[in-house]
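# Summary of structural features
These are the residues of each chain, in order.
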Number of protein chains: 2
Amino acid sequence: MLNVSIAPDGKKYPLPTEQENEKEREILKQITAEQRKLGRKIVAVQGLGFVGCVMATVVADATDKDGNPYYFVHGHQRASKRSFWKVPVINSGIPPVASSDPEVPEIFHRTVVEKKNFRATSEESVYGLVDVVVVDIQLDATKPSFGEAEKGYCDLMAFREGIRTLGQHIRPDCLVLVETTVPPGTCEKVVKPILEEEFTKRGIDIAANPPLVAHSYERVMPGAKYVASIRDFWRVFSGVNEKSIELCREFLSNCLNVKDYPLTQLDSTNASELAKTMENTYRAVNIALTLEWASFAEQIGVDIFKVRDAIRKRKGTHDNLLRPSLGVGGYCLTKDPVLANWAMQTLFGLEGCLEMAIRGVNINDTMPLHTIEIIKREYESLNNLKVAVLGVSYLENVGDTRHSPSKTLVEFLRKEFATALTHDPYVEAWPELDESKVESDLNAVLPGADVVIFAVGHDQYKGLKPAEVVAICGTKPLIVDCSNFLSDATIAEYKKLGCKVRGVGKGHIV
Amino acid sequence: MLNVSIAPDGKKYPLPTEQENEKEREILKQITAEQRKLGRKIVAVQGLGFVGCVMATVVADATDKDGNPYYFVHGHQRASKRSFWKVPVINSGIPPVASSDPEVPEIFHRTVVEKKNFRATSEESVYGLVDVVVVDIQLDATKPSFGEAEKGYCDLMAFREGIRTLGQHIRPDCLVLVETTVPPGTCEKVVKPILEEEFTKRGIDIAANPPLVAHSYERVMPGAKYVASIRDFWRVFSGVNEKSIELCREFLSNCLNVKDYPLTQLDSTNASELAKTMENTYRAVNIALTLEWASFAEQIGVDIFKVRDAIRKRKGTHDNLLRPSLGVGGYCLTKDPVLANWAMQTLFGLEGCLEMAIRGVNINDTMPLHTIEIIKREYESLNNLKVAVLGVSYLENVGDTRHSPSKTLVEFLRKEFATALTHDPYVEAWPELDESKVESDLNAVLPGADVVIFAVGHDQYKGLKPAEVVAICGTKPLIVDCSNFLSDATIAEYKKLGCKVRGVGKGHIV
């Protein structure tokens, strides 16, 4: 199956042949010409991941006062086995991402099928045809050593290759709008030089045609308001020169709801890139802070969540205070502080370390060990302990397992020879944990359990009756609540059934 | 002058003789009896410091629906040379604290002179006459080693003695309401046992008459809304038993504006004490975070204050983000994290350290060194450099020098043999820095200056014209803005005059 890309639903899509690519190039030219005749500008979105594919629909969906679309959007995804399937799936009007937001399937259908101004392709010559490229290439931080984010770095290889592809194809007056969260300094020190290099190779005079590079970061929130979190929300932007700033402002003003959420322009792309990473670091550090206090609170009989509610009464000064849980997952808070620290040391060659940021990431990355500590307060050894882990995604009510703290929990439980069985109503296989099976039936994980960990606060778990759980277990398991979602009444029921109940930050149970 | 207490205005007050104390005891009994006849309950406030003296007026000022005061308030201050003067000053209707809040002198005059239901005394037998004691004894953390808050501790000696005095005098049914910010655990592990011990010595059966101890913390903000910040603001409280909780709720409901700011009850005094220290730690940690990013921003040409504004657009999730400056001063953020860490390790004997909290305090305590670093980017050596430090208080537009970061700045400048001259329109002498003189005339500090540091953002400094400053200097000094208060236009003027301008977090100047 060398040349096939398999979609999550199992459907197989052969990768395009050179002949098909040849044909596709003609189609792209033809479509683009037709769309230009309709007075539309042409946009490409580079990378159809979690942000890119929805951003593409938002751009395509934007219309002028008369209801005419401003843009035709080419979504570009390389013809890799891992991702090519997205191209035919999108072109059938179906979103390549699962979401609880009903607007997601609607906006894909509307732009692809009805308006016909969004189309995906794997053919990179598309970049030669467009006025704007929105860069949404994925970029991750690598943390080679657990709990030592100070050793983390950012491998820009794929990102640089993506930008080089643009430099080889784009028209000199094309705006390159970087939307990916990048290490501060990337537009100035990586994107611009690569484009200049490729322009020069192509004989373009970069003094007369300096590359037009801008940066604007999204603030996507997964969940029920996925589309709105891209379109109807505050945006920060900047550019490497006056013209790129102007083009970026015009583009964002056309696509986004800037009437209700006016744009914020910063002085440089350095500033805009730094803002994004600082924004997420702020949250990462605040979560880290709460874990220390949760642990203290647990041991002196205090419920940290009630304390948090008391503190957050002070609106505007104290209401951002976050909460502890099993740990911190997802794609942003786990890496953005590392990107910034790495940029400071490497892209800018500065001394020092963003200590609060890095310490915060380390506390967050190792936070799941705290739940193991809670268990160890009750059991001397984890050896042969049977532990049911309920919830393996990184967030309530979603199936996304990227950087899920449950992975750390399960790994460390197994390291100490506990038997950890996993359950999640939204996850079938766990790619980050050797594609291991995740049960969807509680009967497969609860019987005989010594410990039941409510790791993620999925709504389904909130509905579980203590009597039911204990009956399936056939034991009197230790109940561990990582998400403050067992009510005082539920806890009392478990106790009545002979179970001990413990929880992250839940000292009132002790 | 062994037996004289000198007020800040220089007026001398002889300490009371034993004969006068004898007489005072009779007066206290008589006043109290008269006030009880008027249907008023009797309150003592222990400690007439920054919080205690204003809290006493708020309690005295509270009235029922018919406009009758609920309480008569005895303010108690020990007859020490340092503080006795407050007693006669208060009894003349004058506040013992300076404040920009016009309500402060009004409420003192109204309660002492007009309503005549607030009176100060230095006679501790007063505690035997009252229904409620509000404890406002000062309590500080000691940090024996600069930049190593992990070695900090809390000396409870004076606090314990104050509580012991209560135990020796109060009626068994008197509510002891601790308002001082204390290490978590203090009410349960310090206050209650001392009262029990003293009760038992007095033959009181503590099984039948358990001491009534409650905790509620103020959220005083110095400045223009001093009184309102005590009376018209959210309060958190708890008590060591049902009765103390009930009495505390009743007392606070009578005195404070609980209609607009309903009380929050927590499960235990441990929780309430922890909430207060966590609340301030949250801010201390967030300030520490901003310094790291300010330093990064400075070096890559980014203005961190504009970045902050961009991030804070996200109300409710990001708008608590604080800002860097010369450093963190005052009485709360510098010590509360240390109190909590010390309590965890000592009062509760727990392992570990509140690392984010302690690291935050260390960054904040050493933050003034960053301003010295900024100077060192321009001057190789500080030796013989003439530095004018404008502002030595810890906050804009107040004269309070407690834990002022300017102290660290000046000490370290002098350590490296710079000549640091200090100026402040609100401060005459600097008790924390060997009572050294602080100039109020810029002509005494600016002439010949190599560096002018705008250390504190007093309004008076904002009005200074660059041409005027440079003319008085007679040099082209390096201007350092620690508080982001020089506008871009002012900075441009300084540059036109030949001065370099630098600032904490102000990379756009570079």
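Not measured: the values here are computed from a predicted model.

## Quick word on the interface of chain B and chain A
- The interface of chain B with chain A comprises 58 residues on the first partner and 58 residues on the second.
- Approximately 5,700 Å² of surface area, both sides summed, lies buried where chain B meets chain A, with 70% of it carried by carbon and sulfur atoms.
- Interface area lost by chain B to chain A is led by Met278, Trp293 and Met356 of chain B, which between them contribute 14%.
- For the pair chain B and chain A, the number of links is 6 salt bridges.
- Arg314 of chain B is paired through a salt bridge with Glu279 of chain A; the nearest N and O atoms lie 2.5 Å apart.
- Within the residue set of the side of chain B that touches chain A, elements represented by two or more residues are α9 (269–299), α10 (304–311), α11 (336–347) and α12 (355–366) of chain B.
- When residues of the side of chain B that touches chain A are assigned to their parent elements, the largest contribution, 19 residues, is made by α9 of chain B.

## A few points about helix α10 (residues 304–311) of chain A
- With 6 of 8 residues buried, α10 of chain A is to be regarded as a mostly interior element.
- Those residues of α10 of chain A that fall on the buried side of the exposure criterion are Ile304, Phe305, Val307, Arg308, Ala310 and Ile311 of chain A.
- Elements in contact with the buried residues of α10 of chain A: α9 (269–299) of chain A together with β10 (212–217), β11 (236–239), β12 (264–265) and α9 of chain B.

## Observations regarding the nonpolar core
- Phe159, Leu413 and Ile453 of chain A together with Phe159, Val307, Leu413 and Ile453 of chain B are the most contacted members of the largest nonpolar core, which totals 212 residues.
- Other than its neighbours up to four places away in sequence, Phe159 of chain A contacts Val135, Ile137, Leu139, Val178, Thr180, Val182, Thr186 and Val191 of chain A.

## Remarks on the domain arrangement of chain A
All names here are of chain A.
- Each assigned domain of chain A is listed with its residue range as follows: domain 1 (4–269) and domain 2 (298–327 + 367–503).
- Here the C-alpha centre of domain 2 lies 38 Å away from the C-alpha centre of domain 1.
- Across the contact, 5 residues belong to domain 1 and 7 residues belong to domain 2.
- Between domain 1 and domain 2 the total buried area reaches about 440 Å² when both faces are included, carbon and sulfur atoms providing 62% of it.
- Run the count over domain 1 and domain 2 and you get 0 salt bridges.
- Put simply, domain 1 and domain 2 have 1 residue pair in polar contact (both at pLDDT 80 or more) between them.
- Here the side of domain 1 that touches domain 2 is composed, by residue class, of 3 nonpolar, 1 polar and 1 charged.

Cut-offs and rules
Residues numbered from 1 in each chain as written. Chains lettered and ligands numbered in written order. Predicted model: local features only at pLDDT ≥ 70, side-chain atom pairs only at ≥ 80, totals over all residues. Heavy atoms only, no water. Contact = heavy atoms within 4.5 Å. Buried area = accessible area lost by both parts, 1.4 Å probe. Salt bridge = Lys/Arg side-chain N within 4 Å of Asp/Glu carboxyl O. Helix = DSSP H or I, 4+ residues; strand = E, 2+ residues; numbered from the N terminus. Buried < 20%, exposed > 50% of the residue type's maximum accessible area, 1.4 Å probe, protein only. Core = buried A, V, L, I, M, F, W, Y, C linked by side-chain atoms within 4.5 Å. Domains from an automatic or database assignment. Polar contact = N/O pair within 3.5 Å; in protein donor to acceptor, adjacent residues only side chain to side chain. Nonpolar A, V, L, I, M, F, W, Y, C, P; charged D, E, K, R; others polar.

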